[in-house]
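What follows is the residue order along each chain.
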Amino acid sequence: MLRRPVSEDGASVHRLIGRCPPLDENSIYCNLLQASHFAGTSVAAEVDGELAGFVSGYIIPERPDTLFIWQVAVAEEARGLGLAGRMICEILRRPACTRVRHLETTITPDNDASWALFRGVARKLETACAESVMFDRERHFRGRHDSEMLLRIGPFARAGAQVSAALAR
Ligand SMILES: CC(C)(COP(=O)(O)OP(=O)(O)OC[C@H]1O[C@@H](n2cnc3c(N)ncnc32)[C@H](O)[C@@H]1OP(=O)(O)O)[C@@H](O)C(=O)NCCC(=O)NCCS
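Residues numbered from 1 in each chain as written. Predicted model: local features only at pLDDT ≥ 70, side-chain atom pairs only at ≥ 80, totals over all residues. Heavy atoms only, no water.

Checked against the element boundaries, valine 47 lands in strand 2 (residues 43–47). By relative accessible area, valine 47 is classed as partly exposed at 41%. Remark: the alpha-carbon pair of valine 47 and alanine 78, spanning 31 residues in sequence, is separated by 8.6 Å. (Helix = DSSP H or I, 4+ residues; strand = E, 2+ residues; numbered from the N terminus. Buried < 20%, exposed > 50% of the residue type's maximum accessible area, 1.4 Å probe, protein only.)

Before going further, it helps to spend a moment on the side chain of glutamate 90. Mapped onto the secondary structure, glutamate 90 falls in helix 3 (residues 83–92). Once residues lying within four places of it in the same chain are set aside, the contact partners of glutamate 90 are Leu2 and Val43. (Contact = heavy atoms within 4.5 Å.)

Let us look at helix 3. Within helix 3, eight of the ten residues are buried, which leaves it mostly tucked inside the rest of the structure. Residues of helix 3 that are buried include every one of Leu83, Ala84, Met87, Ile88, Cys89, Glu90, Ile91 and Leu92, and no others.

It is worth spelling out the pattern of salt bridges at this point. One pass over the full model with this rule turns up eleven salt bridges. Close ionic contact of arginine 3 with glutamate 46 constitutes a salt bridge, the shortest N to O distance being 2.8 Å. Taken together, the residues arginine 3 in strand 1 (residues 2–3) and glutamate 46 in strand 2 connect sequence positions 43 residues apart. A relative accessible area of 24% places glutamate 46 in the partly exposed class. Residue glutamate 50 pairs with arginine 15 through a salt bridge whose shortest N-O separation is 3.8 Å. With a gap of 35 residues between them, glutamate 50 in strand 3 (residues 50–59) and arginine 15 in helix 1 (residues 10–18) connect regions that are remote in the sequence. On the basis of relative accessible area, glutamate 50 is assigned to the partly exposed category, the value being 46%. Connected via shared salt-bridge partners are Arg3, Asp9 and Glu46. (Salt bridge = Lys/Arg side-chain N within 4 Å of Asp/Glu carboxyl O.)

Time to look at a nonpolar patch on the surface. Among the surface-exposed residues, Ile28, Tyr29 and Leu32 lie close enough to one another that they form a single nonpolar patch of about 290 Å² accessible area. Here isoleucine 28 is to be found in helix 2 (residues 28–36). The exposure class of isoleucine 28 is partly exposed, given its relative accessible area of 39%. (Patch = residues over 30% accessible without salt bridge, like charges linked within 9 Å, V, L, I, M, F, W, Y side chains within 5 Å. Areas by Shrake-Rupley, 256 points an atom, 1.4 Å probe, with all protein chains shown as cover.)

Every one of the 21 residues lining the ligand counts as a neighbour, but Val72, Val74, Gly80, Gly82 and Asn111 are closest to it. In the model, an oxygen atom of the ligand is placed 2.7 Å from a nitrogen or oxygen of the asparagine 111 side chain. Contact with the protein chains covers 71% of the free accessible surface of the ligand, which is 920 Å². Elements with a minimum of two residues in the shell around the ligand: strand 4 (66–74), helix 3 and helix 4 (112–124). In terms of residue count, helix 4 provides more of the shell around the ligand than any other element does, six residues in total. For the shell around the ligand, the class distribution of residues is 13 nonpolar, five polar and three charged. (Near = heavy atom within 4 Å. Polar contact = N/O pair within 3.5 Å; in protein donor to acceptor, adjacent residues only side chain to side chain. Nonpolar A, V, L, I, M, F, W, Y, C, P; charged D, E, K, R; others polar.)

Under the criterion given, the structure shown has four aromatic pairs. Here the aromatic rings of phenylalanine 38 and tryptophan 70 are separated by 6.3 Å at their centres, their planes lie at 80°, and the arrangement is edge-to-face. Here phenylalanine 38 is found in the loop between helix 2 and strand 2, whereas its partner tryptophan 70 is found in strand 4, with 32 residues between them in sequence. Judged by relative accessible area, which is 29%, phenylalanine 38 ranks as partly exposed. For the pair tyrosine 58 and phenylalanine 68, a centre-to-centre distance of 5.3 Å together with 35° between the ring planes defines the contact as tilted. Here tyrosine 58 is found in strand 3, whereas its partner phenylalanine 68 is found in strand 4, with ten residues between them in sequence. A relative accessible area of 23% places tyrosine 58 in the partly exposed class. Among the residues examined, phenylalanine 68 registers a relative accessible area of 9% and is labelled buried. Each member of the aromatic cluster is reached from another via a ring pair, and the members are Phe38, Tyr58, Phe68 and Trp70. (Phe/Tyr/Trp six-rings, centres within 6.5 Å; stacked < 30°, edge-to-face > 60°.)

Structure follows, in structure tokens:
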């Protein structure tokens, strides 16, 4: 079941992220904020009453046509079933995304699953996909983290239910 998160999900999100390397772990407080202030652009996936997936996202404050996907996590036992794609689709059909025409995320160069996931989203939306460096290994992370590549998908002209129909194909 896919649903809008509630603040009580924060601690489970923290545990799920800890089980999904290479994702960076944030504080529980950060996950509580994702599950409350950012609930409209985030999604929780439950399987047998347990949190099996979570996507955090937000509308970039100065660019209301752009949804930024912060983290995507799917528990190991639930992978390969299309859950990550369905969660992104669920966010795009929400009222909060009515004006959204671009999707952005960052991915480390060696995260094959994540590249495949987001390139698949661009393909299904029949739109372009541009890559650049957003946070550089040396300049931003002082050598302590791989560079984070910005992937910008769009524009997609359709909105809401039409986007979700395209992604479901
Ligand atoms: C990345 C992740 C969220 C994918 O979740 P998932 O539910 O298994 O993904 P989906 O089943 O929706 O697959 C989406 C696409 O990715 C592809 N894919 C999934 N896992 C893959 C892998 N390990 N290697 C290559 N491609 C992969 C699928 O074939 C599918 O491609 P398609 O659309 O062309 O058919 C999951 O592997 C995960 O949680 N990984 C650890 C955390 C992480 O790296 N998150 C992403 C960074 S934000």
